[in-house]
Amino acid sequence: MSAQSHSHPHAPSPSGEGTAAVTEAGTGFHPHLHDTDAPAGTALRARLHHIRAGELDGGTAQTGGMRRFAAISGRTVGSEKLWMGQTHVAPATASSDHHHGESETAIHVVSGHPEFVFVDDSSGAPEEIRLRTGPGDYVFVPPFVPHREENPDPDEEAVVVIARSTQEAIVVNLPGLYALGDGG
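Reading the values: the criteria
Residues numbered from 1 in each chain as written. Predicted model: local features only at pLDDT ≥ 70, side-chain atom pairs only at ≥ 80, totals over all residues. Heavy atoms only, no water. Core = buried A, V, L, I, M, F, W, Y, C linked by side-chain atoms within 4.5 Å. Buried < 20%, exposed > 50% of the residue type's maximum accessible area, 1.4 Å probe, protein only. Helix = DSSP H or I, 4+ residues; strand = E, 2+ residues; numbered from the N terminus. Contact = heavy atoms within 4.5 Å. Pairing = 2+ DSSP bridges. Axes fitted to C-alpha atoms, helices over the stretch in contact; angles between N-to-C directions.

### Section: the nonpolar core
Part 1 of the reasoning: Counting residues in each nonpolar core, the largest one holds 10 residues, listed as Ala70, Trp83, Ile107, Val109, Phe116, Val139, Val141, Val160, Ile162 and Ala169.
Part 2 of the reasoning: Those elements that place two or more of their residues in this core are β7 (105-111), β10 (138-141) and β12 (158-164).
Part 3 of the reasoning: Setting aside residues up to four positions removed in sequence, Phe116 forms contacts with Ile107, Ile129, Arg130, Leu131, Thr133, Val139, Arg148, Glu149 and Val160.

Below is the structure:
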């Protein structure tokens, strides 16, 4: 197969017969992939990126008590609307209180039993809530919600995968779980 054509064994033919279709570069399903008139800086966005486990970027915003590593970010792969990476919380450790600004955050627990602590004042009376999680669980953190991660296990590190709706990891460290006021 030439460098100028692509084939997929299961792609339907233009006639719909189910045979392999061969499309020339710049035509077919993704005509923009090989445009020579593409705007400058789009080279990173014209291909898939494979980030190996050992290649995560530790140069991210940090919070005391935890370590964040970027896999998918504007800097690593040119993402414009998404940040994804890992967070590690050492045994018997709690992070500082923080929020993630305008970013929505989705968390998937990979290992350990991290706990996520926040204040729920939706009933009018503030109450500290602790979400106890385990491997396979998910947590959603809305924008600007102060919280902290804790790992009560004395022996095992907790590892989670984080996805955010902004291209970089926004972290605003706080003096307490209340973003405004005196914490009470």
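### What about the sheet that holds β10?
Part 1 of the reasoning: Taking strand neighbours across the sheet as the criterion, the 5 strands line up as β3-β4-β12-β7-β10 in an open arrangement whose pairing is antiparallel. If you trace the sheet from one side to the other, it starts and ends with β3 (66-72) and β10, each paired once. Averaged over neighbouring strand pairs, the angle between their axes works out to 25° when direction is ignored.
Part 2 of the reasoning: With 6 bridges joining them, β3 and strand β4 (residues 83-89) adopt antiparallel strand pairing. Its bridge partner being in β4, Ala70 is matched across the sheet by Gly85.

All we've got here are geometric facts, nothing functional implied.
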